[in-house]
Amino acid sequence: MTKDIRISKGARINIKGSAEKILTDISSRKSCAIKPGNFFNFNPKMLVKEGAEVSIGTPICFEKNDSRIILVSPVSGTVKKIIRGDRRKILEIVIEPNSSNKKISHKVEKIDSLSPEKIKNFLLKTGSWPFIRQRPFNILADPDIIPKSIHISTISSVPLGVDYDFILKNNREDFQSGINILNTLLPGKVNLFIDKDFQGFFSKIKNANIFRVSGPHPSGNVSVQIQKTNPINFGEKVWVIRPEDIVNIAILFSTGIYSCKRTLAISGSPVSNPQYFKTTIGSDLSSILKKLNIDSTIQNRYINGDVFSGTEVQEDGHIDFYNNLVTIIPEGNKHRFFGWVPFFYNKIPSLSGTSLSWLFGRKGYKVDTNLNGEERALVVTGEMEKVFPMDIYPMQLIKACMAGDIEKMEGLGIYEVIPEDFGLIDYSNTSKIEAQEIIKEGIELMIKEIA
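Residues numbered from 1 in each chain as written. Predicted model: local features only at pLDDT ≥ 70, side-chain atom pairs only at ≥ 80, totals over all residues. Heavy atoms only, no water.

1. Thoughts on the layout of surface pockets
Then, number 1: Size it by volume and the second largest pocket reaches roughly 810 Å³.
Then, number 2: What lines the second largest pocket is a set of 33 residues, and nearest its centre among them are S156, S157, V162, D195 and F198.
Then, number 3: Those elements giving two or more residues to the lining of the second largest pocket turn out to be α2 (164-167), β13 (190-195) and β14 (209-214).
Then, number 4: Residue composition of the lining of the second largest pocket, grouped by class: 16 nonpolar, 11 polar and six charged. (1 Å grid on protein atoms, 1.4 Å probe; cavity = no way out; pocket = protein on both sides within 12 Å on 5 of 7 lines; lining within 4 Å. Points joined across faces, edges and corners; volume = space filled by probe spheres on them. Helix = DSSP H or I, 4+ residues; strand = E, 2+ residues; numbered from the N terminus. Nonpolar A, V, L, I, M, F, W, Y, C, P; charged D, E, K, R; others polar.)

Printed below as a string of structure tokens:
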């Protein structure tokens with residue numbers, strides 16, 4: 001089955017520094033890190049201590065509320081340190097790799113003989129279950145439920161977004177095998193979303209319902225795709241998996257060894273040779289950055305993810321679990337002379353009609369982190385709806401979250417969204433409120449009070 005979806009609301013923002021189709025393998029790493037914070041509402045309980053020797057696939061910690069869900073080591077080596085924050089909250093488990101490359105091997109049954117229950121148990125046992133997230137709330141999937149459907153988006157519509165067709169060009173058979181496994185897990189309900197204009201090999205995938213999507217950002221967001229095809233009703237659950245993790249699951253079932261491949265695009269205007277790197281989940285960023293020519297005459301910000309929803313990371317930090325993109329942009333810490341003068345700074349992308357910025361964006365904009373103003377008490381009615389394609393009133397939902405009104409939050413669609421769906425609103429709204437942070441706090445309240 002193939003259907004077309006057209007998204008009309010949103011925006012395309014062309015930023016300089018897209019990654020070229022060059023793939024470099026980073027085999028040597030200084031360290032790798034597991035970040036429990038990458039998993040929303042995950043409460044870790046440690047299984048190892050500092051100094052412990054681990055192999056690829058060694059359980060490192062588990063979820064306090066469900067000991068079946070574990071996080072495992074992506075490399076063989078030594079647990080160098082466990083970084084804690086306030087109230088001894090675990091922030092990172094840093095592992096120093098060694099050359100032994102030891103791996104924990106699991107016995108694998110033939111795929112044809114696997115039942116849905118056996119697939120679930122094998123994913124849990126090997127530490128691969130965190131590849132699967134659940135909506136509402138984008139939390140780790142509950143193994144005890146049967147979801148309404150499974151959704152995979154191969155579209156990255158964010159500025160400087162990655163090309164999944166290029167990332168997985170050497171893993172086409174593995175991707176198909178992964179889809180076959182998911183189809184065994186939930187027959188006939190695996191939904192694959194592809195770019196209508198750049199379909200790549202994804203259009204030939206079998207055992208999946210294919211939806212061809214067109215339109216500006218946030219057309220690549222799974223929340224938008226779910227609502228346009230199979231909306232979540234009260235009490236229903238759906239699962240979401242990233243494209244490269246489909247391959248990781250397929251490799252696991254073919255080898256019996258935990259697979260944690262991660263292809264990373266390093267993009268941004270300060271990088272003279274932006275490109276893709278093949279590494280592992282949680283790898284240190286410094287091992288990759290030394291392969292690039294980055295403008296060191298300016299102060300740069302390193303972002304785990306895209307410019308809308310990513311998180312700041314230091315040069316010696318580590319990539320996030322679900323991350324395929326690191327964006328580098330200049331810090332906007334310079335004073336703008338006569339910054340208040342209209343039309344004076346037209347080379348900054350604007351979604352309003354008050355500047356001539358569209359004349360200068362044909363070859364891409366060079367942006368920085370300057371917000372060009374601070375949070376204001378003014379909220380323009382109807383402004384958010386212009387860039388929000390979901391059948392939800394975003395401003396009213398934000399207000400309900402700020403007020404902590406659970407009933408209104410439910411009625412206004414809190415079950416259908418996650419913070420990143422409001423990234424474009426953060427960028428474009430006049431009030432400059434932190435909509436993503438407000439939605440995140442609203443979801444945390446829902447989990448605490450209801451879920």
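2. Looking at the pattern of salt bridges
Then, number 1: Counted by the stated rule, this structure contains 12 salt bridges.
Then, number 2: Residue D163 is joined to K21 by a salt bridge in which the shortest nitrogen-to-oxygen separation is 3.7 Å. Of the two residues, D163 is situated in the loop between β12 (150-153) and α2 and K21 in the loop between β1 (2-6) and β2 (23-25); the sequence distance between them amounts to 142 residues.
Then, number 3: Classification of D163 as partly exposed rests on a relative accessible area of 26%.
Then, number 4: The shortest N-O distance in the salt bridge between D66 and R68 comes to 2.9 Å.
Then, number 5: Overall, the relative accessible area of 15% leaves D66 in the buried class.
Then, number 6: We classify R68 as partly exposed; its relative accessible area is 34%.
Then, number 7: Overlapping salt bridges, with partners in common, bring together D4, K196 and R212 in one network. (Salt bridge = Lys/Arg side-chain N within 4 Å of Asp/Glu carboxyl O. Buried < 20%, exposed > 50% of the residue type's maximum accessible area, 1.4 Å probe, protein only.)

3. So, unusual backbone geometry
Then, number 1: That bond from R135 to P136 is cis: its omega, 5 degrees, falls within 30 degrees of zero.
Then, number 2: Its identity is not glycine, yet N41 carries a phi of approximately 65 degrees, on the positive side.
Then, number 3: By the secondary structure assignment, N41 is in the loop between β3 (32-34) and β4 (44-46).
Then, number 4: For N41, a relative accessible area of 44% gives the class partly exposed.
Then, number 5: One non-glycine residue, R87, lies in the positive phi region at around 55 degrees.

4. Focus: the sheet that holds strand β18 (residues 300-304)
Consider a sheet: its strands pair through backbone hydrogen bonds, and that pairing is either parallel or antiparallel.
Then, number 1: Strand order in the open sheet made by the six strands is β2-β17-β16-β20-β18-β19, with mixed pairing throughout. The sheet terminates laterally at β2 and β19 (311-313), the two strands that pair on one side only. Neighbour to neighbour, the strand axes of the sheet diverge by 30 degrees on average, direction disregarded. (Pairing = 2+ DSSP bridges. Axes fitted to C-alpha atoms, helices over the stretch in contact; angles between N-to-C directions.)

Read these as geometric descriptors, not functional statements.
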